[in-house]
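# Structural features, examined
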Amino acid sequence: MGSYTLVCPGSGKTVPDHYTLNCDCGSLIRAEYTARQLTLRNLPGMWKFYDWLPASGHTDTPGATVTYKSEGLAKELGIDLHVAFNGYWPERGADMKTCSFKELEAPPTIMRAKEHGGKAMVLASAGNTARAFAYLSTITGFPLIVVVPKQNVERLWIPGREPGEGIKLISVGGGCDYTDAINLSNRIAALPGMMPEGGAKNVARRDGMGTVMLDAAVTMKEMPDDYFQAIGSGTGGIAAWEASMRLRDDGRFGARLPRLHLAQNLPFVPMLNAWKEGRRNIIPERDMPDAKKSIAEMYSDVLSNRTPPYGVGGGVFDAMKDTDGLMYGITREEAVAAKKLFEAREGIDILPPAAVAVAALVQASEKGIQKGRKVVLNITGGGQERLMREVPVHQVEPVLEVPGPDVAMEEILKVIA
Ligand SMILES: [Zn+2]
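So, here's what we can say about the structure. (Residues numbered from 1 in each chain as written. Predicted model: local features only at pLDDT ≥ 70, side-chain atom pairs only at ≥ 80, totals over all residues. Heavy atoms only, no water.)

## Section: the overall build of the protein chain
Here is the rule: The secondary structure listing takes helices from DSSP runs of H or I that are at least 4 residues long and strands from runs of E that are at least 2 residues long, numbered from the N terminus. To sort residues, take the accessible area from a 1.4 Å probe on protein chains only and compare it with the maximum for the residue type: under 20% means buried, over 50% means exposed, and anything in between is partly exposed. Every residue pair with non-hydrogen atoms within 4.5 Å of one another is taken to be in contact. Only the protein chains shown count as cover for residues, with accessible areas throughout obtained via the Shrake-Rupley method and a probe of 1.4 Å. The positive count covers Lys and Arg only, the negative count covers Asp and Glu only, and His and the chain ends enter neither. Note that the charge is assigned to NZ on lysines, CZ on arginines, CG on aspartates and CD on glutamates.
Of regular secondary structure, the protein chain possesses 15 helices and 17 strands. Sorting the 417 residues of the protein chain into buried and exposed places 62% on the buried side. Counting only contacts in the protein chain whose residues sit at least 6 apart along the sequence, the fraction spanning at least 24 positions is 72%. For the protein chain, the accessible area works out to roughly 16100 Å², and carbon and sulfur atoms hold 49% of it. Once the 47 positive and 49 negative side-chain charges of the protein chain are each reduced to a mean point, those two points are 3 Å apart.

## Description of empty space enclosed by the protein
Defined as follows: Throughout, the protein atoms alone are placed on a 1 Å grid, and a set of points is a cavity if a 1.4 Å probe fits but cannot get out or a pocket if it is open with protein on both sides within 12 Å along at least five of seven lines; lining residues have an atom within 4 Å of a point. Grid points are joined across faces, edges and corners, and a volume is the space filled by probe spheres set on the points.
A complete count under the given rule lists one cavity of 30 Å³ or more for this structure. Around the largest cavity, the lining residues are Trp-52, Asp-207, Gly-210, Leu-214, Ala-243 and Arg-246.

## A few points about the coordination of the zinc ion
Quick reminder of the rule: Each metal site is built from N, O and S donor atoms within 2.8 Å (3.2 Å for Na, K and Ca), and since water is not included, such sites may look incomplete.
At 2.2 Å from the zinc ion lie its protein donor atoms, namely Cys-8 (SG), Cys-23 (SG) and Cys-25 (SG). Motif for the zinc ion, donor spacing along one chain: C-x14-C-x1-C. Of this pair, Cys-8 sits in the loop between β1 (4-7) and β2 (14-15) while Cys-23 sits in the loop between β2 and β3 (30-33), and the two are 15 residues apart along the sequence. As far as burial versus exposure is concerned, Cys-8 and Cys-23 are alike and both buried.

## A look at the side chain of Asp-349
Spelled out, the test is: N or O atoms within 3.5 Å of each other form a polar contact, as long as, within protein, one can give a hydrogen and the other can take it, and as long as residues adjacent in sequence are counted only when both atoms are side-chain atoms.
With respect to the element layout, Asp-349 can be found in the loop between α12 (332-346) and α13 (352-367). There is a polar contact of 2.9 Å between the side chain of Asp-349 and the backbone nitrogen of Gln-384. Among the polar contacts listed, one links the side chain of Asp-349 to the backbone nitrogen of Glu-385, at a separation of 2.9 Å. Ignoring anything within four residues of it in the chain, the contact list for Asp-349 reads Glu-343, Gly-382, Gly-383, Gln-384, Glu-385 and Arg-386.

## Some remarks on the nonpolar core
Stated precisely, the cut-off is as follows: Residue types Ala, Val, Leu, Ile, Met, Phe, Trp, Tyr and Cys, when buried and joined through side-chain atoms within 4.5 Å, form a set referred to as a nonpolar core.
If you look at the biggest cluster of nonpolar residues, it comprises 56 residues, and the most contacted ones within it are Leu-247, Leu-260, Tyr-310, Val-316 and Met-327. Elements represented by at least two residues in this core include exactly β1, β3, α5 (203-209), α6 (211-220), α7 (235-250), β13 (259-265), α8 (270-276) and α11 (316-323). Among the elements that make up this core, the one with the highest residue count is α7 (seven residues). Listed in part, the 43 residues of the second largest apolar core include Phe-85, Trp-89, Ala-335 and Ile-369.

## Description of the sheet that holds β2
To keep things clear, this is the line we draw: Any two strands with at least two DSSP bridges between them are considered paired.
If you trace the three strands from one edge of the open sheet to the other, you get β2-β1-β3, paired in antiparallel fashion. Both edges of this open sheet fall to β2 and β3, since each of them pairs with a single strand only.

## Some thoughts on the sheet that holds strand β17 (residues 398-402)
As a reminder of what qualifies: Every axis in this analysis is a line fitted to C-alpha atoms, fitted for helices over the stretch in contact. Angles between the N-to-C directions lie between 0 and 180 degrees.
Reading across from one edge, β11-β7-β8-β10-β17 is the order of the five strands in this open sheet, with parallel pairing throughout. Where the open sheet ends on each side, the last strands, each with one partner, are β11 (194-196) and β17. Put simply, the sheet's adjacent strands are angled 25° from each other on average, direction ignored. Relative to strand β10 (residues 167-172), strand β8 (residues 144-149) runs parallel, the two sharing six bridges. Bridge assignment links Val-147 to a residue of β10, and that residue is Ile-170. Each of β7 (120-124), β8 and β10 is contacted by helix α3 (residues 128-140), which is oriented at about 160° to β8, the strand it contacts most. Docked against the sheet, helix α4 (residues 178-189) engages β7, β8, β10, β11 and β17, running at close to 155° with respect to β7.

## What to know about the layout of surface pockets
Considering only enclosed or pocket space, the second largest pocket measures out at about 300 Å³ in volume. Around the second largest pocket, the lining is made up of 15 residues, and of these Ala-31, Glu-32, Met-245, Arg-246 and Asp-249 lie nearest the centre. Counting residues per element, the ones that place at least two in the lining of the second largest pocket are β3 and α7. Broken down by element, the lining of the second largest pocket gets its largest block of residues, five residues, from α7.

## Things to note about the pattern of salt bridges
Pairs may arise between side chains of opposite charge once their charged atoms sit close together. The criterion, for reference: The working definition used for a salt bridge is a side-chain nitrogen of Lys or Arg within 4 Å of a carboxyl oxygen of Asp or Glu.
Evaluated as defined, the whole model comprises 31 salt bridges. Two residues, Asp-215 and Lys-48, come together in a salt bridge whose shortest N-O distance is 3.7 Å. Taken together, the residues span a long stretch of sequence, with Asp-215 in helix α6 and Lys-48 in the loop between β3 and β4 (66-69) at a distance of 167 residues. For Asp-215, a relative accessible area of 6% translates into the label buried. The partly exposed category is assigned to Lys-48, whose relative accessible area is 24%. For Asp-80, the salt bridge is made with Lys-69, and the minimal N-O distance between the two is 2.9 Å.

Shown next, in the form of structure tokens:
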């Protein structure tokens, strides 16, 4: 390795990398890359951004963001718009067959875990992340234990081939949500040899997602003025901010950080509620009362996270402050209308979280986006309906179904041994 060091943004101190996810002070550790300027590499997919990814090897996977200048939606909204598309869209060269930008997190995360001696990766997911990691596990052979709420298990499929033998899917049933799945996966991750995916704390996940901003800036030859994305944990927003700081230091892509426009899906909007009151801390009773009920009412439940990295040093709050960001609350009706609008104007289907981002962009342009501002819309997932028509997919079947996160560890050990 040696192409990067880990640094705590709180203290500025260097932290040795033993697949390290935490700093004592609680801030999100960052990777600082030796290469101050980005050189595009002739490697598969997202690995063209190898210089700014925390792994010494790479995977042989074609998935990468495709940024293009919008015509249809841009004209409709009267703005200068680029779409950063993550998903399946063969005519545009988009070959992310799990159809979401989670496929940018999985490759560097699995490589980093493997290079640090991990035996298996453990993660919880409401669907799209699990699918991306399961696909990468299938390709690389790296074992994966994945915990998914029962109602989301159907989202776990592998495009174009049978699921890898190393995938152990555990379904948590009976009204459990994403946070319950996280609690169980944390218990499993404490077992020897198990590598937690680390969520927002893992530099590999954040810098993988940060390649969306890199691709946009490289395509546009400068950073955008405005960047739109839907958020559940907000990690994608943090990743975009960190990537833009690297681009600023690079010197060739502009000196001003893009303004973050982050969209939550009503009625579950804890970060929006805290942000509106200028608070760094989320107060659960106030910002997410009746969390389970609100989550059940969401249009896009993958955007639910009851413990987002919001107030933590280097987290969403800091990203929003530093970029003079704006946050949005999007209703189901707005998201549904935005999905239709995007599909009609751009000609590809999009996933619910991406529709939430489009709705935020519609809101912003109705209020008026200044002429001359360059806008990037992160379509975090798309082309899935198209893929389902063109590519055979294979369902991943659970090896175990448990009633809740407190299941006895012996039950788990039986199936993952
Ligand atoms: Zn620290």
